[in-house]
Amino acid sequence: MADRVTVIGWDGSPLTGAARAALGAATLVAGAGHHLALPEIPPGAERVRLGSLSLAARRIVRHRGTAVVLADGDPGFFGVVRTLRAPEFGLEVEVVPAVSAAAAAFARAGMPWDDAQVVVANSRTLRRAVNVCRAHGKVAVLTSPGAGPAELALLLGPVHRTFVICEALGTDQEQVTVLTSDKVADHTWRDPNVVLVVGGGPSASGGVPPEGQGSGGPGGGQGSGWIAGRDPNYPPATRGWALPAAAYEPRLPGAPARASESVQLRAAQLARLGPRVGDLVWDIGTGGGALAVEAARFGAAVIAVDRDADACERAAAAGRRFGVQLDLVHGTAPQVLEDLPEPDVVRVGGGGVATVEAVAARRPGRIVTHAATRDEAEAVGRALAEGGYAVECALLQSVELDTVAWVESERAVVFLLSGVRI
């Protein structure tokens with residue numbers, strides 16, 4: 001095993017004294033091509049070009065001497081330090097940090113970033129990174145070849161965002177460009193680059209530079225937040241989930257609740273869906289948007305579908321009230337589903353067996369729906385099973401009591417069906 005391993009972050013600025021001293025004593029240096037061209041590397045040092053981090057780590061383990069690993073940005077932030085310290089390698093490392101690419105990108109844009117989400121986009125994570133951009137108002141995307149600005153913009157589709165694209169940060173070829181997402185795919189972008197995806201929600205605070213140029217101006221507030229990756233006003237004023245329907249849209253006194261509006265049914269549906277950050281949720285037959293809003297509050301991206309234009313307006317208002325982003329689609333299922341991006345989990349609140357069959361054909365991980373009668377439940381269950389899902393069904397009965405007179409005020413009976421992809 002190497003006698004000493006030092007990881008040096010590089011952001012384009014001159015190397016520190018500690019970094020130069022470590023490089024001067026190195027007998028093995030690993031890094032990208034531009035790192036290995038640094039004049040500070042001793043002529044006799046073995047040079048390992050970083051491709052596979054695991055292969056490089058194995059070479060360092062076998063090395064007898066002093067090893068240095070050079071990495072762009074902060075090597076402890078989505079960087080090589082995690083790989084080198086993994087149990088299978090057991091390397092103890094010293095780290096000379098630098099400014100991370102995300103921090104540098106936000107600095108170039110003149111924006112605060114303690115409330116931003118930071119994601120890595122590559123061939124495996126691109127779709128989930130896009131879903132985070134759908135759901136959150138400020139996201140830094142650390143891109144890779146084949147998962148860059150153009151791919152992000154194309155997968156976002158009609159969802160409007162502002163892109164701040166930072167190319168070759170810290171080099172003499174650095175360029176910062178600001179464009180709306182619909183124009184990004186018309187350009188060719190150089191690697192490496194970092195993309196700030198901004199817009200649509202409260203966490204987009206701090207402003208963006210004018211389109212077509214970068215900015216060095218001030219942005220944001222005075223450090224009012226207290227936890228990273230959250231809106232400065234987190235936690236929200238409303239605590240809990242599966243809230244009463246009145247929290248999302250008013251209902252006239254005495255008017256009966258539809259089964260899809262039952263708080264208890266919604267709680268059970270959410271529990272089975274398990275929406276999470278990086279997911280895309282379809283809420284078909286969203287009604288007033290209660291379930292869509294709650295899925296978005298868990299951090300998921302949500303497309304809420306309804307054939308009733310008034311329902312779409314009510315759902316949009318509920319999203320604004322709770323400070324979450326919903327993508328509203330007005331149309332009739334199953335036809336309107338054809339052009340939607342692939343979902344991770346789906347709640348079918350309306351549309352019947354035909355819609356359940358159409359959803360199952362898209363193969364989301366989980367499908368949740370409900371039925372008012374046993375015959376309907378059996379038909380939906382068969383559609384799920386034939387579509388390749390393990391089916392569960394439960395009869396839910398909930399009774400609300402008037403806590404003044406302690407008498408029954410409302411009763412709901414419904415079949416809850418859920419399918420997990422086999």
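Coordinates for the structure precede this section.
Not measured: the values here are computed from a predicted model.

Enquirer: Mind showing me how you'd approach the environment of Ile303 here?
Expert: Considering the arrangement of structural elements, one finds Ile303 in strand β12 (residues 301-306). For Ile303, a relative accessible area of 1% gives the class buried. Measuring from C-alpha to C-alpha, the distance between Ile303 and Trp282 comes to 5.0 Å, with 21 residues separating the pair along the chain. When residues no more than four places from it in sequence are discounted, the contact partners of Ile303 are Arg134, Leu280, Val281, Trp282, Asp283, Asp327, Val329, Leu340 and Pro341.

Enquirer: Got a minute to help me understand the nonpolar core in this structure?
Expert: Side chains that are nonpolar tend, in soluble globular proteins, to be buried together. Within the largest apolar cluster, 25 residues are counted, with the highest numbers of intra-cluster contacts made by Trp282, Ile284, Leu337 and Val359. Elements that contribute at least two residues to this core include exactly β11 (280-284), β12, β14 (345-348), α12 (352-361), β15 (366-371), α13 (374-386) and β17 (407-421). With four residues, the top contributor of residues to this core is α13. Sequence-distant contacts of Leu337, defined by excluding residues within four places in its chain, comprise Trp282, Ile284, Val305, Thr355, Val359 and Arg362. With 24 residues, the next largest nonpolar core counts Ala296, Val302, Ala304 and Val324 among its residues.

Enquirer: Explanation requested: the sheet that holds strand β10 (residues 193-198) in the structure shown.
Expert: Strand pairs in the sheet, formed through backbone hydrogen bonds, run parallel or antiparallel to each other. With respect to topology, five strands assemble into an open sheet ordered β6-β7-β10-β8-β9, the strand pairing being mixed. Whereas interior strands pair on both sides, the edge strands pair on one side only; in this sheet they are β6 (117-120) and β9 (175-180). Going across the sheet, the axis of each strand differs from the next one's by a mean of 20°, ignoring polarity. Two strands pair when backbone bridges link them, and β6 and strand β7 (residues 138-142) are joined in this way by four bridges, in the parallel orientation. Bridging across to β7, Val118 finds its partner in Ala140.

What counts and how
Residues numbered from 1 in each chain as written. Predicted model: local features only at pLDDT ≥ 70, side-chain atom pairs only at ≥ 80, totals over all residues. Heavy atoms only, no water. Helix = DSSP H or I, 4+ residues; strand = E, 2+ residues; numbered from the N terminus. Buried < 20%, exposed > 50% of the residue type's maximum accessible area, 1.4 Å probe, protein only. Contact = heavy atoms within 4.5 Å. Core = buried A, V, L, I, M, F, W, Y, C linked by side-chain atoms within 4.5 Å. Pairing = 2+ DSSP bridges. Axes fitted to C-alpha atoms, helices over the stretch in contact; angles between N-to-C directions.

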